[in-house]
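Fold and geometry: a report
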2 protein chains.
Amino acid sequence: VTRWKFTIEYKGAGYAGWQRQDALPSIQQSIEEAIFKFCQQDIRLYVAGRTDAGVHARGQVAHADIALKKEMSGHEIAKAINAHLRPQSIAVIKAEIVPDDFHARFHAVNKLYHYRIISRSAFLTIDDGLAWQINRPLDAAAMHYAAQVLIGQHDFSAFRDSNCQAKSPVKTMRKIDVTARDYDGVGGWEIIIAAQSQSFLHHQMRNITGTLIKVGKGEWNAADVKKILESRDRASAGPTAPPEGLYLMRIDY
Amino acid sequence: VTRWKFTIEYKGAGYAGWQRQDALPSIQQSIEEAIFKFCQQDIRLYVAGRTDAGVHARGQVAHADIALKKEMSGHEIAKAINAHLRPQSIAVIKAEIVPDDFHARFHAVNKLYHYRIISRSAFLTIDDGLAWQINRPLDAAAMHYAAQVLIGQHDFSAFRDSNCQAKSPVKTMRKIDVTARDYDGVGGWEIIIAAQSQSFLHHQMRNITGTLIKVGKGEWNAADVKKILESRDRASAGPTAPPEGLYLMRIDY
């Protein structure tokens, strides 16, 4: 038996999220079934970060123990699994052997999420489903400034979903940057909220985004975000941003 | 009657291209019908560059003469047309009044096309349909070097589709750059071929791409591309690259 680490990319649309669920398609089930079709082994994938319905991943990580009948390279095993995943919007982009004690979730030291916003009047065409379109200008510099109050170790209860199963609401935000760049050459802007933490609470990134959007619109400022954080009250923060703008970008070990 | 210039964005999938065709959906028909629904005028759009089936646009330009019953801003007219375009993958991203003698096609002085290639083993998920995936490494520096032989005024017959209706195969390539950047963090590369010319022959960009791909694979070099160009023989050049990687980015006036 060999422990494999898989780096996985997916478009979240049409899936109920990472985790297996009765009667709903999930990323986990799709990959586990593709591995079964390839090697007839009923394995279980352990994932770094479960993503919600509709959330995308560019660098999700999961591990599994597989007993192969013959030796295969990472390239070969990824290709074999992908042959059974296609044409689903899920692909193994890297497969590598790791030590037997490697754990995708417990050994993750850092996660990078991006939330992608397009600020313009027209609806999205090429990027439909791949970003959150906001129908008005946003002050990205104000959003970045306000986001800095979230840096460090805090009780993030104000940004935590009521269904969150984490034992503690205390997390350490390592870095959070809001950047803006020209999107369409005619006044539209692409705004990325990039956040790094060892782990995130359920909906934390989407609730922070919904709050920073209100800063971008001029309704709130950095002092308000600080008050919201300190309130530990979910009701004081902004709404939950939709899943289609959220990307799990990278897991560091 | 006022002449309007429209900047238009679309995802090409599912359309037979810009131009109206019997019994096939086209970008032109969709927008003309949306304008009719909004102002009950049976107008005709004149476009800067007709794109083929499946080709995308981030900055297509077309003009039309419209007699509005009341004065409207560009923002208002774009919003009104988009209300009738949605949920199609076509949007007017800017509408502006231009002088009565403005012509989207005849007054264009420069067009910028991007051809987007993802070089990696795994198939595409998030960018499925938005780039051409090539299943092996490409030497982007060699592609860029070879592309420079196309700069300047040449007879581009070697890269011209047999259905091309242009009077002359002579065009002036102003600039063509091949750039590469990390795509997925695990060895995949995104390669963009960016080309500028006042106008392009039918399939010119896609045939150049199919030829440069062979350079990227090491099958041809810059001297070969020069010979192909000078041969004026379509059969000597590479295959036509698929439409899903091609983007009409910008028209300059």
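To be clear, the structure that these remarks concern was listed above.
Given the structure is predicted, the values throughout are model-derived calculations rather than measurements.

**Observations regarding helix α1 (residues 27-39) of chain A**
Two residues of an α-helix separated by three or four positions point the same way, owing to the 3.6 residues in each turn. All names here are of chain A. Over its 13 residues, α1 runs 19 Å from end to end, which matches the ideal 18 Å to within 8%, given 1.5 Å per residue. Here α1 has its buried residues at Ile 27, Gln 28, Ser 30, Ile 31, Glu 32, Ala 34, Ile 35, Phe 38 and Cys 39. The N-terminus of α1 is capped by Ser 26, whose side-chain oxygen sits 3.1 Å from the backbone nitrogen of Gln 29. Downstream of α1 by one or two residues, Gln 40 has phi in the positive range, about 55°.

**A closer look at the side chain of Glu9(A)**
For Glu9(A), the position within the fold is in strand β1 (residues 2-10). A polar contact is formed between the side chain of Glu9(A) and the side chain of Thr125(B), at a distance of 2.8 Å. The residues touching Glu9(A), leaving out its near neighbours within four places in the chain, are Ala57(A), Arg58(A), Ser89(A), Ile90(A), Ala91(A), Ile93(A), Arg120(B), Leu124(B), Thr125(B), Ile126(B), Tyr183(B) and Asp184(B).

**Describing the interface of chain B and chain A**
With 31 residues of chain B in contact, the opposing surface of chain A contributes 31 residues. Across the interface of chain B and chain A, roughly 2500 Å² is buried in total on both sides, 62% from carbon and sulfur atoms. Ranking the residues of chain B by area buried against chain A places Phe123(B), Thr125(B) and Ile126(B) at the top, with a combined share of 30%. Counting across the interface, chain B meets chain A through four salt bridges. For the salt bridge of Arg58(A) with Asp127(B), the shortest nitrogen-to-oxygen distance reads 3.6 Å. For the pair chain B and chain A, the number of links is six residue pairs in polar contact (both at pLDDT 80 or more). Residue assignment for the side of chain B that touches chain A shows that the elements contributing at least two residues are β1 (2-10), β3 (56-66), α2 (74-85) and β4 (90-98) of chain B. Ranked by residues supplied to the side of chain B that touches chain A, first place goes to β4(B) with five residues. Considered class by class, the residues forming the side of chain B that touches chain A number 15 nonpolar, eight polar and eight charged.

**So, the pattern of salt bridges**
Inspection of every chain in the model, using the stated rule, returns 30 salt bridges over all chains. Two residues, Asp127(A) and Arg116(A), come together in a salt bridge whose shortest N-O distance is 3.1 Å. Taken together, the residues span a long stretch of sequence, with Asp127(A) in the loop between β5 (110-119) and β6 (132-134) and Arg116(A) in strand β5 at a distance of eleven residues. You can call Asp127(A) buried: its relative accessible area is 5%. Put simply, Arg58(A), Arg116(B), Asp127(B), Arg181(B) and Glu190(B) are held in one network by salt bridges that share partners.

**Considerations on helix α5 (residues 222-231) of chain A**
All names here are of chain A. Buried within α5 are the following residues: Ala 222, Val 225, Ile 228 and Leu 229. An end-on view of α5 places all buried positions within 115° of arc, on one side of the element. Among the exposed residues of α5, those oriented more than 90 degrees off its buried face are Lys 227 and Glu 230. Turning to α5, the residues buried within the fold contact α3 (140-147), β7 (152-155) and α4 (204-216). Sitting at the head of α5, Asn 221 places a side-chain oxygen 3.0 Å from the backbone nitrogen of Ala 223.

**Remarks on the relation of the copies chain B and chain A**
When chain B is fitted onto chain A, the two copies agree to an RMSD of 0.0 Å after a turn of 180° and an axial shift of 0.0 Å. Such a combination of turn and shift is consistent with a two-fold rotation axis. Within chain B, Asp127(B) has its C-alpha nearest the rotation axis, a separation of 4.7 Å.

**A look at unusual backbone geometry**
Excluding glycine, residues mostly have negative phi values, and the peptide bonds linking residues are mostly trans. Omega for the peptide link from Arg86(A) to Pro87(A) comes to 5°, which places this bond in the cis form. Residue placement: Pro87(A) occurs in the loop between α2 (74-85) and β4 (90-98). Despite not being glycine, Arg232(A) has its phi angle at roughly 55°, a positive value. Position of Arg232(A) among the secondary structure elements: in the loop between α5 and β10 (246-252). Positive phi is not limited to glycine here, since Ala23(B) has a value of about 65°. Looking at the secondary structure, you find Ala23(B) in the loop between β1 and α1 (27-39). When its relative accessible area of 84% is taken as the criterion, Ala23(B) is described as exposed.

Thresholds applied
- Residues numbered from 1 in each chain as written.
- Chains lettered and ligands numbered in written order.
- Predicted model: local features only at pLDDT ≥ 70, side-chain atom pairs only at ≥ 80, totals over all residues.
- Heavy atoms only, no water.
- Helix = DSSP H or I, 4+ residues; strand = E, 2+ residues; numbered from the N terminus.
- Expected span 1.5 Å × (residues − 1).
- Buried < 20%, exposed > 50% of the residue type's maximum accessible area, 1.4 Å probe, protein only.
- Polar contact = N/O pair within 3.5 Å; in protein donor to acceptor, adjacent residues only side chain to side chain.
- Contact = heavy atoms within 4.5 Å.
- Buried area = accessible area lost by both parts, 1.4 Å probe.
- Salt bridge = Lys/Arg side-chain N within 4 Å of Asp/Glu carboxyl O.
- Nonpolar A, V, L, I, M, F, W, Y, C, P; charged D, E, K, R; others polar.
- Arc of directions from axis to C-beta.
- Least-squares fit on C-alpha atoms with pLDDT ≥ 70 in both.

What is shown is where atoms sit, not what they do.
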